[in-house]
Amino acid sequence: AVQCEKNGDPLPYTRSTALPAGWKWRIPLQHRTGNGYVFSDQHISDDEATATLLEGLDGAPLNDPRILRFTTGVRKKSWIKNCVAVGLSNGFLEPLESTSIHLIQVAISKILAMFPRDEFRQELADLYNDEMHFEYDNVKDFLIAHYKVTERDDSPFWNYCRNMAIPDSLQRKLSLFRQRGEVMLTKGELFKEVSWFAVLYGQGLEPQSYHPVADAISEDDLKLRLARIRSGVQDRLGRMSPHQQFITRHCAAADPLPA
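The following paragraphs examine the structure supplied in this document. Keep in mind it's a predicted model, so treat the numbers as computed, not measured. The numbers attached to residues start from 1 for each chain and follow its sequence in the written order. For a predicted model such as this one, the threshold for reporting local features is a pLDDT of at least 70, and the threshold for listing and counting side-chain atom pairs is 80 or more; totals across whole chains, interfaces and linings nevertheless cover every residue. The basis for every side-chain value is the complete set of heavy atoms in the structure, and neither hydrogens nor water enter the calculation.

**Focus: a nonpolar patch on the surface**
Moving on, step 1. Side chains of I217, L222, L226, I229, V233, L237 and M240 sit close together on the surface and give an oily, nonpolar patch of about 630 Å² of accessible area.
Moving on, step 2. Strands here are runs of E lasting at least two residues and helices are runs of H or I lasting at least four, both read from the DSSP assignment and numbered beginning at the N terminus. Among the structural elements, I217 can be located in the loop between α6 (193-202) and α7 (219-238).
Moving on, step 3. Judged by its relative accessible area of 31%, I217 is partly exposed. By definition, no residue in a patch forms a salt bridge, and every one has over 30% relative accessible area; like charges are joined within 9 Å, nonpolar side chains (Val, Leu, Ile, Met, Phe, Trp, Tyr) within 5 Å. Where accessible areas are quoted, they stem from the Shrake-Rupley method and a 1.4 Å probe; at the residue level, only the protein chains shown are allowed to cover. The salt bridge criterion pairs a side-chain nitrogen of Lys or Arg with a carboxyl oxygen of Asp or Glu, the two atoms within 4 Å. Per-residue accessibility, obtained with a 1.4 Å probe over protein chains only, is compared with the maximum for each type, and a residue is labelled buried under 20%, exposed over 50%, and partly exposed between these values.

**A look at the sheet that holds strand β2 (residues 15-19)**
Moving on, step 1. Spatial strand order, β1-β4-β3-β2: 4 strands in an open sheet with antiparallel pairing. Of all strands in the sheet, those with a lone pairing partner are β1 (2-5) and β2, marking the two edges. Across the sheet, the mean angle separating the axes of adjacent strands is 25 degrees when strand polarity is ignored.
Moving on, step 2. Bridge count for strand β3 (residues 22-28) against strand β4 (residues 32-39) is 7 bridges, and the pairing is antiparallel. Bridge pairing in β4 links G22 to F39. Strands pair, by our definition, only if DSSP identifies at least two bridges between them. Axis definition: a line fitted to C-alpha atoms, limited for helices to the stretch in contact. Angles are taken between N-to-C directions and run from 0 to 180 degrees.

**Quick word on unusual backbone geometry**
Moving on, step 1. Not every positive phi belongs to a glycine, and K81 is a case in point at roughly 55 degrees.
Moving on, step 2. Note on placement: K81 falls in the loop between β6 (79-80) and β7 (83-84).
Moving on, step 3. Even without being glycine, S98 reaches a positive phi, approximately 50 degrees.
Moving on, step 4. Residue position: S98 is located in the loop between β8 (91-92) and α2 (100-114).

**Brief notes about the packing of helix α3 (residues 122-148) against helix α5 (residues 168-180)**
In a pair of packed helices, the angle between the axes and the distance between the axes together describe the arrangement.
Moving on, step 1. Between α3 and α5, the least distance of the axes is 10 Å, while the angle of their chain directions is 60 degrees. By the angle between their axes, α3 is oblique relative to α5. When you trace α3 past α5, the crossing you get is right-handed. Along the contact surface, α3 presents D141, I144, A145 and K148, while α5 presents S169, L170 and L174.
Moving on, step 2. Each residue is assigned to one class: nonpolar for Ala, Val, Leu, Ile, Met, Phe, Trp, Tyr, Cys and Pro, charged for Asp, Glu, Lys and Arg, and polar for all the others, Gly among them. When grouped by side-chain class, the residues that make up the contact of α3 with α5 number 4 nonpolar, 1 polar and 2 charged. Each angle receives one of four descriptions, namely roughly parallel if under 35 degrees, roughly antiparallel if over 145, roughly perpendicular if within 65 to 115, and oblique otherwise. Each helix crossing is assigned a hand: it is left-handed if the near helix lies turned anticlockwise from the far helix by less than a right angle, otherwise right-handed if that turn is clockwise. Note on contacts: a residue pair is in contact if any heavy atoms of the two residues lie within 4.5 Å.

**Some remarks on the pattern of salt bridges**
Moving on, step 1. One pass over the full model with this rule turns up 12 salt bridges.
Moving on, step 2. The salt bridge partner of E131 is K110, with a shortest N-O separation of 2.7 Å. Remark: K110 occurs in helix α2 and E131 occurs in helix α3; sequence separation between them is 21 residues.
Moving on, step 3. Residue E131 is classed as partly exposed on the basis of its relative accessible area, which comes to 27%.
Moving on, step 4. Salt-bridge contacts for E189 lead to K173; the nearest nitrogen and oxygen are separated by 3.4 Å. On the criterion of sequence distance, the pair formed by E189 in the loop between α5 and α6 and K173 in helix α5 is long-range, its members being 16 residues apart. Summarising the burial analysis for this pair, E189 and K173 share the class buried.
Moving on, step 5. In this structure, a network of salt bridges that share partners links the residues D41, D46 and R69.

As structure tokens, then:
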């Protein structure tokens with residue numbers, strides 16, 4: 001990870017870009033830009049990854065790149081007796097979808113909901129552990145989908161990802177989407193249909209057919225509905241101010257503190 005000088009007005013989004021041994025992020029802030037390269041050290045060295053990251057900056061670096069190592073996973077039991085692991089003490093999944101804060105908030109909400117009145121209750125701890133594993137497993141599947149569903153064949157890393165074994169729960173989602181363009185979600189999943197569609201279809205997984213209920217909509221009615229959606233989007237965009245103008249007006253930061 002490394003920070004660099006900002007280059008022009010900040011874009012209103014984080015950019016994630018695939019690289020030969022992983023992916024890099026670019027996060028524009030008001031006073032600087034955050035950058036990082038999440039890479040597989042089995043496919044590239046630390047020095048090579050650092051050089052690749054620095055070569056891709058769009059501003060002068062503000063500090064030396066930091067190598068951050070992590071082991072992915074989640075504890076078998078998040079709640080044992082009077083101890084509950086929350087956040088990084090409980091587990092970590094790579095930052096592609098920036099889910100760490102969400103998982104912390106979910107854990108806090110579940111602790112409040114299941115907090116015992118007078119003494120430890122194993123039934124509550126078991127329920128909490130099951131539900132937190134559900135949360136982590138769903139995020140894990142969504143992250144893996146980014147790597148599995150790829151058309152890249154330009155490096156050993158991406159060839160491995162394209163052919164790697166995946167969890168059965170994710171395989172079912174991919175198979176169903178390939179068959180008829182839908183993802184059957186379990187109640188409570190963080191990432192909804194629109195997120196799955198953006199990743200799967202956006203990365204080249206095209207459905208072979210569609211849900212039969214779509215035949216109930218005529219071609220003319222479908223065109224009319226899509227035209228209304230398109231018009232609504234264009235109308236909303238036309239009334240929005242540019243990103244930098246919005247920041248300046250509503251949430252401008254104070255001058256940065258000295259390093």
